[in-house]
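Okay, here's what each chain looks like letter by letter:
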Amino acid sequence: AYGAAVYVRSIDEWGNVESKLAASKSRVAPIKIVTLPRLELCASVLLVELMKVVKESLKIEFNALYFHTDSTIVLSWLKLDPANLQIFVSNRVRFIQSNTNVANWRHVRSEKNPADLISRGMLGKELVNNKFWFEGPKFLKQRIIHEPSLNLVRDIPELKKSAKVLLVQERIVFWKAIDHKNNFNFLQNVLAYVLKFISKTRKRDTKPFIVYKKEALTIIVKDIQGSHFSEEIKLHKK
């Protein structure tokens with residue numbers, strides 16, 4: 001299971017701090033095997049949804065909304081452009097970024113995270129008198145909450161693996177860097193394989209190899225013509 005809990009924190013005119021559980025929500029982890037970071041991301045999405053419900057239900061003007069997770073991987077994902085992440089993670093990161101201020105996401109250690117009780121489970125008779133659950137961690141009772149220092153994850157999982165090819169004005173110009181060994185046929189074949197790879201990644205690989213060789217020849221010839229006869233080509237286009 002995974003879950004989220006929302007606490008309302010208030011300070012009265014004498015400086016007394018109160019923190020009370022407003023709502024919580026849990027979900028059963030899917031039968032399909034999901035990595036722990038993905039489950040932690042799902043818990044973060046659940047927290048955002050629950051926070052929205054609480055805010056609309058209480059109709060109170062809050063000074064600030066803060067979100068806590070014990071997952072450093074989730075916090076690292078939230079700093080990234082969703083387009084650079086795998087689709088499962090990308091969709092959920094985009095949702096969180098669209099509905100919260102990422103600057104208001106903070107790290108909380110697992111032992112100080114009451115939502116961790118949801119994933120570990122607890123008997124009702126143990127929960128009913130559990131101050132940690134109903135009032136939240138002790139740091140919520142402090143007048144000023146100091147944000148802990150945190151080193152984000154370096155080797156971030158779920159990043160998209162991409163192969164980039166330099167395209168300029170629809171001409172592949174990197175062919176000049178290929179070591180063709182003074183063998184034009186070798187150069188043409190290498191470029192043809194690159195074109196075939198690009199077509200495959202775009203799921204359009206339905207042509208025989210000879211077609212890619214012709215395309216490679218056209219690219220090379222056009223690029224050479226563009227380099228040596230640029231003025232003539234400009235005049236021809238007028």
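**Student:** Honestly, the pattern of salt bridges in this entry has me stumped. Any pointers?
**Tutor:** Between side chains of opposite charge, a pair can form as their charged atoms come close. Counted by the stated rule, this structure contains 6 salt bridges. Where K20 meets E135, a salt bridge forms, and the shortest distance between an N and an O atom there is 3.8 Å. Placement of the pair is K20 in strand 2 (residues 17-27) and E135 in helix 6 (residues 131-135), with a sequence separation of 115 residues. Residue classification places K20 among the partly exposed residues on the basis of a relative accessible area of 42%. In this structure, the salt-bridge partner of E135 is K141, at a minimum N-O distance of 2.9 Å. For E135, a relative accessible area of 17% translates into the label buried.

**Student:** Looking at this structure, how should I read helix 1 (residues 36-58)?
**Tutor:** For helix 1, built from 23 residues, the straight-helix expectation of 33 Å at 1.5 Å per residue is met to within 8% by its first-to-last C-alpha distance of 33 Å. Positive backbone phi, at 50°, marks K59, one or two positions downstream of helix 1.

**Student:** What exactly am I supposed to notice about a nonpolar patch on the surface here?
**Tutor:** A cluster of nonpolar side chains, contributed by F184, L217 and V221, occupies part of the molecular surface with about 230 Å² of accessible area. Residue class for V221 comes out partly exposed when judged on its relative accessible area of 35%.

**Student:** Sorry if this is basic, but what is going on with the environment of K25 here?
**Tutor:** For K25, the position within the fold is in strand 2. K25 sits in the partly exposed class, given a relative accessible area of 40%. Placed 18 residues apart in sequence, K25 and A43 show a C-alpha to C-alpha distance of 9.4 Å. Non-local contacts of K25, meaning those with residues more than four positions away in its chain, are made with Y2, G3, A4, L46, L50 and I118.

**Student:** I tried to follow the nonpolar core on my own but got confused; where do I start?
**Tutor:** The nonpolar side chains of a soluble globular protein tend to be buried with one another. Among the nonpolar cores identified, the biggest contains 26 residues, and L41, W77, L78, V93, I96 and W105 are the most heavily contacted of them. Among the elements of the structure, strand 1 (2-11), helix 1, helix 2 (72-78) and helix 3 (87-99) are those that each provide at least two residues to this core. The greatest single-element share of this core, amounting to 11 residues, is contributed by helix 1. For I96, the residues in contact, after removing those within four places along its chain, are L41, S44, V45, V48, L78 and W105.

**Student:** Please explain the side chain of S76 as it appears in this structure.
**Tutor:** Summarising the element assignment, S76 is placed in helix 2. Setting aside its immediate chain neighbours within four residues, S76 contacts L152, V153 and I156.

Rules and cut-offs
Residues numbered from 1 in each chain as written. Predicted model: local features only at pLDDT ≥ 70, side-chain atom pairs only at ≥ 80, totals over all residues. Heavy atoms only, no water. Salt bridge = Lys/Arg side-chain N within 4 Å of Asp/Glu carboxyl O. Helix = DSSP H or I, 4+ residues; strand = E, 2+ residues; numbered from the N terminus. Buried < 20%, exposed > 50% of the residue type's maximum accessible area, 1.4 Å probe, protein only. Expected span 1.5 Å × (residues − 1). Patch = residues over 30% accessible without salt bridge, like charges linked within 9 Å, V, L, I, M, F, W, Y side chains within 5 Å. Areas by Shrake-Rupley, 256 points an atom, 1.4 Å probe, with all protein chains shown as cover. Contact = heavy atoms within 4.5 Å. Core = buried A, V, L, I, M, F, W, Y, C linked by side-chain atoms within 4.5 Å.

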